[in-house]
Amino acid sequence: MGTSNNILVSGFAFEMIMTKLNMMEHHFIEKHLEIDEKITNLSSRIDDLVMLVKSENEHLKGCNSTSMDLSESNIRIYAACSKVPIPVSGVYLIQPEEHITEPITVFCNQEYDNGGWVVIQNRYDGSTDFSRTWQEYKNGFGNLKEEFWLGLAKIYQLTVSRPHELVILLKNFNGDTTYAKYDHFEIADENKHYAIRRINGYSGTAGDSLQMAKGRKFITWDTNYSEFDVESDQGWWKIHLNGWFVY
């Protein structure tokens, strides 16, 4: 009798274990199918993204200067760099507000601080001459995939259209980096010489030097010469970020 009870208990325990294992197997299969579905969806999204990047590159092939021909009607235009659905830095067309009659060709940095940044200046090896006239600084110059200045007229259009932050990233030849970030940045129009109208909310490691440039006009060697720093020979807002490029 004792032996029979032992066999009965053992058989019941075995059935419980088998039921538990079956439930675990079923749960594992469900999870495996969910993962497969997620991987399939992710692969599909990656394929779509690759196609979109290729399409954008075709649209903007060769359009690396600070101005471009907009005769092609199929070129995509975004409201801002933050609205570009591609997490890849590159050249895009943006039109922040309807009152801006023509889209602006910009380089969008999609990597720094979650992306969505319009690059207004890039200078890193001295390959582009920054000793330029007022008209050149107004219109912009250089190659948007290399060294360039976006242009005061475009910067004005951008900053007056909606609130903008400003980040200045600096790196020396030893690879040391520093930055200055401002929560609010806006410049005036050409009649006021694109003076810095608003610059506040500083944070960073580079120091708040730009705060001293508030209200200052943008100066170049051929205008506002009394305020121009002949030692730097480059355009900027009094506190010169652009100086001679010395290795």
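Since the model is a prediction, treat every value here as computed from it, not as a measurement. Sequence order as written defines the numbering, with residues in each chain counted from 1. Whole-chain, interface and lining totals are the exception, using all residues; otherwise, since this is a predicted model, local features are given only for residues with pLDDT of at least 70 and side-chain atom pairs are given and counted only at 80 or more. In computing side-chain values, all of the structure's heavy atoms are included and hydrogens and water are not.

For the overall build of the protein, give the residues involved together with the corresponding values.
Helix and strand assignments come from DSSP, with helices taken as H or I runs of at least 4 residues and strands as E runs of at least 2, each series counted from the N terminus. Across its full length, the protein carries three helices and nine strands. When the helices and strands of the protein are placed in sequence order, the string is α-β-β-β-β-α-β-β-α-β-β-β. Whether two residues are in contact is decided by their heavy atoms: any pair within 4.5 Å suffices. For the protein, long-range pairs separated by at least 24 residues make up 47% of all intrachain contacts whose partners lie at least 6 apart in sequence. Surface exposure of the protein reaches about 15,300 Å², of which carbon and sulfur atoms provide 54%. Each accessible area is a Shrake-Rupley estimate made with a 1.4 Å probe; only the visible protein chains count as cover when residues are assessed.

So what about the nonpolar core? Which residues, and what values?
Throughout this description, the term nonpolar core refers to a set of buried Ala, Val, Leu, Ile, Met, Phe, Trp, Tyr and Cys residues connected via side-chain atoms within 4.5 Å. Three labels apply to residues, based on accessible area from a 1.4 Å probe with only protein chains included: buried if under 20% of the type maximum, exposed if over 50%, partly exposed otherwise in between. Of all hydrophobic cores here, the largest spans 38 residues; its most connected members are W149, L210, F218 and W237. Residues in contact with W237, not counting those within four places in the same chain, are W149, L152, F185, I187, Y194, A195, I196, A213, R216, K217 and F218.

Outline the sheet that holds strand 9 (residues 196-204), supporting the account with residue identities and numerical values.
Two strands qualify as a pair provided that DSSP identifies no fewer than 2 bridges between them. As summarised here, the arrangement of the three strands in space is 7-8-9, forming an open sheet in which the pairing is antiparallel. In the strand order of this sheet, the two ends are held by strand 7 (166-171) and strand 9, each with one partner. Recorded for the sheet is a direction-independent mean angle of 30° between the axes of neighbouring strands. In terms of strand pairing, strand 7 meets strand 8 (residues 177-187) through six bridges, oriented antiparallel. Residue pairing in the sheet places L166 in a bridge with Y182 of strand 8. Note on method: axes are straight lines fitted to C-alpha atoms, helices fitted across the in-contact stretch only, with angles between N-to-C directions ranging 0 to 180 degrees.

Can you break down the state of the cysteines residue by residue, with the values?
Criterion for a disulfide: a pair of cysteine sulfur atoms at a distance within 2.5 Å. Inspection of the entire model under this criterion finds one disulfide. C81 shares a disulfide with C108; S-S distance 2.0 Å. Disulfide C81-C108: torsion about the S-S bond near -75°, hence left-handed. Within this pair, whereas C81 is found in the loop between helix 1 (2-59) and strand 1 (90-94), its partner C108 is found in strand 2 (residues 104-109), the two being separated by 27 residues in sequence. Taking the relative accessible area as the measure of exposure, C81 reaches 2% and is therefore buried.

How would you sum up the sheet that holds strand 1? Please name residues and give values.
Read from one edge to the other, the open sheet built from three strands follows the order 1-2-3, with strand pairing classed as antiparallel. Each end of this open sheet is capped by a strand with a single partner; those strands are strand 1 and strand 3 (117-119). In this sheet, adjacent strand axes meet at a mean angle of 55° when their direction is disregarded. In terms of strand pairing, strand 2 meets strand 3 through three bridges, oriented antiparallel. Paired with C108 across the strands is V118, a residue of strand 3.

Describe helix 3 (residues 152-161), and please don't skip the residues or the numbers.
Among the residues of helix 3, those classed as buried are L152, K154, I155, L158, T159 and S161. Taken together, the buried residues of helix 3 touch strand 1, strand 2, strand 3, helix 2 (134-139), strand 6 (148-149) and strand 8.

Outline the environment of I75, supporting the account with residue identities and numerical values.
Secondary-structure assignment places I75 in the loop between helix 1 and strand 1. Along the chain, I75 and L93 lie 18 residues apart, while their C-alpha atoms are 8.1 Å from each other.

Go over the environment of I187 with me, naming the residues and quoting the values.
Turning to its location among the elements, I187 is positioned in strand 8. For I187, a relative accessible area of 0% gives the class buried. Sequence separation between I187 and F218 is 31 residues; the distance between their C-alpha atoms is 9.5 Å. The residues contacting I187, other than those within four sequence positions of it, are L152, I155, Y156, T159, Y194, A195, I196, R197 and W237.

Quick rundown of the side chain of T128? Include the residues and the values.
Among the secondary structure elements, T128 is positioned in the loop between strand 4 (121-122) and helix 2. Filtering out sequence-adjacent residues up to four positions away, T128 remains in contact with F141 and E147.

So what's going on with unusual backbone geometry? Which residues, and what values?
A positive phi is found at D113, a non-glycine position, where the angle reads about 50°. Looking at the element boundaries, D113 is found in the loop between strand 2 and strand 3. For D113, a relative accessible area of 40% corresponds to the partly exposed category.

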